[in-house]
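Close look at the chain arrangement
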Amino acid sequence: MRLDAMYQEIILDHYRNPHHKGLRDPYDAEAHHINPTCGDEVTLRVALTAAGGEVDGSATVADVSYDSMGCSISQASASIMTDLLIGKTVDEGMRVLEEFTELMHSKGQGEPDEDVLEDAVAFAGVSKYPARIKCALLAWMAWKDATVKSLATHEEEAS
Amino acid sequence: MTARELGLLDVDAIRADFPILARTVRDGRPLVYLDSGATSQKPRQVLDAEREFYERHNAAVHRGAHQLAEEATDAYEGARETIAAFISARADEVVFTKNATEAINLVAYAMSNAATAGDYASRFRVGPGDEVVVTEMEHHANLVPWQELCRRTGATLRWFGVTDEGRLDLSDLDGLVNERTRIVALTHQSNVLGTVNPVEAIAARAHEVGALVLLDGAQSVPHMPVDVRALDADFMVFSGHKMLGPNGIGVLWARPELLAAMPPFISGGSMIGVVHMEESTWADPPQRFEAGVPMAPQAVGLAAACDYLDAIGMDNVLAHEHALTEYALKHVGAIEGVRIVGPAEAEARGGAVSFVVDGIHPHDVGQVLDDRGVAVRVGHHCAWPLHRRYRAVATTRASFYLYNSLADVDALVEGIRAAQRFFGTAGS
């Protein structure tokens, strides 16, 4: 059945038992994203820790916390994303985001790099369904937004 | 009861006219199309009419004196007569638009344009202190244009709420529709709940206080006999593509004296009286509201759709869908863990059945159904405030038309159960 290709066990696991869910303090910035076609929402917070003096691309993603409502794909994607990004630097995280975005736009033809995407390779099947791509990307876009805001906040504080 | 006693049409014969319904989807599954509320499929007769126009008569209408231009103009104006007759109206009361959404915008913009138009348009002027009334069950198409009108003019937007049962709450009819009300815009049949609204009672109150009434007929005109005069509305809009017709054509019906007093929405060629470098005058309706080369092939196609529906009989279409709706409410409603959003009874209710399945997001329900060849709509169906009212982020919606059968409803029910099994939720 085609359904199994899309709803990989790993996706269903994360959907039923999401990791890092719930909004936490402290955080540097928050983003609220909505999928206007279905009304699904995510509120996501990012906390960064500076590697050296300044909070820039080399900063570590200390925490990503979120509150969300939505379908299995959007919920599992948020959960898997937090596993992937927490502990990485911002620059590394942005590269993972790029790789994931590319996979989601591959129309099922992508050959994901498992070293980079880890559990997120399970979303390869989702990329065959254009209507679901936004679901998979919702939390990622919120993370990007919140991270950019975090960096800007630190820049203002520094100046 | 037999199919005939239930009021069902000969679906096999009807389906033979719709080539797309014979195709398969998702690895060879027969298509079960339950998304006619979004757009209907088209019978060969409509496709042929449009093709014949292009192959035999194509020219820009209302322009040129050559033979093709005459034939194209005759076909276009003939289509207007057929489409007007379909709703018991006269041809000069029918304006063609891109779709129902544009038709609503046409009226909303005419009302704000009235502020700077001549005295002829004074009855359409709105401003601070005036009120526009809509309902909580409106499609965004019949909500956002009125929000925008109020924003532009300083008028106040008010609305009817809905009851837990999915009906309009008319308990404050006289308070909501009062001497400050300029227009009441409401749907004839909800695209989410299926509810058919008591238009006459609302129109009677609106007219008592001198307000206009606009009916969104996008979900009613395709599915029931509609006589615009009997409904006592002032404006009615609908879309061709939801009633077996082509995309790209919609209709605004209005009382002729109102059309005559309305300033234009979109200006340009064809809608003018006389043009000078400094200023211009307007053509009489309906041309005043049809700027640019119009969608003649689509008008011809929509007229063919009206002929098709007339041949079957709108009473019969209504009875058929009523039987399907009753059957769906009973069997979908009986699934443990499923809640129907909308009236539980088929009375004063059309064939849009929206529901939530406990523990499974509508996107996921839709995905499982799609995997089985069952096409439904998931999301808020362009009625976000209504979903908020019923505390649902989104719903799954099955919507029926004359080519659907009881077996299609069975496929839906089986698909919902399959989704419950797949996601391991209650009721399976």
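Per chain, residues are indexed from 1 in the order of the written sequence. Lettering for chains starts from A, numbering for ligands starts from 1, and both go in the order in which the items are written. The model is predicted, so local features are restricted to residues of pLDDT at least 70 and side-chain atom pairs to those at 80 or more, both for listing and for counting; the totals for chains, interfaces and linings are taken over all residues. Here the side-chain values reflect all heavy atoms present in the structure, with hydrogen atoms and water set aside.

**Notes on the packing of aromatic side chains**
Aromatic pairs are defined between Phe, Tyr and Trp rings, using the six-membered ring for Trp, whenever the two ring centres lie within 6.5 Å; interplanar angles under 30 degrees are classed as stacked, those over 60 as edge-to-face, and all others as tilted. If you walk through the whole model with that rule in mind, you get twelve aromatic pairs over all chains. Measuring from centroid to centroid gives 5.7 Å for B:Y401 and B:Y403, while their planes differ by 65°, and the two rings are edge-to-face. The same class applies to B:Y401 as to B:Y403, namely buried. An aromatic cluster is built from A:Y7, A:Y15, B:F422 and B:F423, whose rings are joined through pairwise contacts. For B:R152, the ring lying beneath its charged end belongs to B:Y109, and the centroid distance is 3.8 Å. Throughout this description, buried means an accessible area under 20% of the type-specific maximum (1.4 Å probe, protein chains only), exposed means over 50%, and partly exposed covers the range between. For a lysine, the NZ atom is tested; for an arginine, the CZ atom; a charge sits over a ring if that atom is within 6 Å of the ring centre and within 35 degrees of the ring normal.

**Focus: the side chain of B:T153**
All names here are of chain B. Secondary structure is summarised from DSSP: a helix means a run of H or I of at least four residues, a strand means a run of E of at least two, and numbering begins at the N terminus for each. Secondary-structure assignment places T153 in helix α6 (residues 144-153). Each polar contact in these results corresponds to two N or O atoms within 3.5 Å; when the atoms are within protein, one needs to be able to donate a hydrogen and the other to accept it, and residues that are neighboring in sequence are counted only if both atoms are side-chain atoms. There is a polar contact of 3.3 Å between the side chain of T153 and the backbone nitrogen of A155. The contact partners of T153, leaving out residues within four places of it in the chain, are S112, V126, G127 and P128. Residues count as neighbours in contact if any of their non-hydrogen atoms are within 4.5 Å of one another.

**Topic: a negative patch on the surface**
Residue and element names in this part refer to chain A. Patch construction takes residues with relative accessible area above 30% that form no salt bridge. Like charges are linked within 9 Å, and nonpolar side chains (Val, Leu, Ile, Met, Phe, Trp, Tyr) are linked within 5 Å. For the area figures, the Shrake-Rupley method with a 1.4 Å probe applies, and any residue is considered shielded solely by the protein chains shown. By definition here, a salt bridge exists when the distance from a side-chain nitrogen of Lys or Arg to a carboxyl oxygen of Asp or Glu is within 4 Å. Counted as positive: Lys and Arg. Counted as negative: Asp and Glu. His and the chain ends are not counted at all. To locate a charge, the coordinates of NZ of Lys, CZ of Arg, CG of Asp or CD of Glu are taken. A grouping of E54, D56, D91, E92, E155, E156 and E157 is seen on the molecular surface, where their side chains present a negatively charged patch. Elements with a contribution of two residues or more to the negative patch: α4 (90-104) and α6 (130-158). Along the chain, the position of E54 falls in the loop between β2 (41-49) and β3 (60-69). Using a relative accessible area of 59% as the deciding quantity, one classes E54 as exposed.

**Focus: the domain arrangement of chain B**
In many reports, interface size means the accessible area that the parts give up when they come together. Residues and elements named next belong to chain B. Residue ranges assigned to the domains are those given by an automatic or database domain assignment. Here chain B is partitioned into domain 1 (3-39 + 313-423) and domain 2 (47-310). Across the boundary between the two partners, domain 1 contributes 38 residues, which contact 34 residues of domain 2. The quantity reported as buried area is the accessible area (1.4 Å probe) lost by two parts once they are put together, taken as the sum for both. Roughly 2,900 Å² of surface becomes buried between domain 1 and domain 2 when both sides are summed, with 54% attributable to carbon and sulfur atoms. The interface formed by domain 1 and domain 2 holds one salt bridge in total. Across the pair R389 and D164 runs a salt bridge, and its minimum N-O distance is 2.9 Å. Linking domain 1 to domain 2 there are 24 residue pairs in polar contact (both at pLDDT 80 or more).

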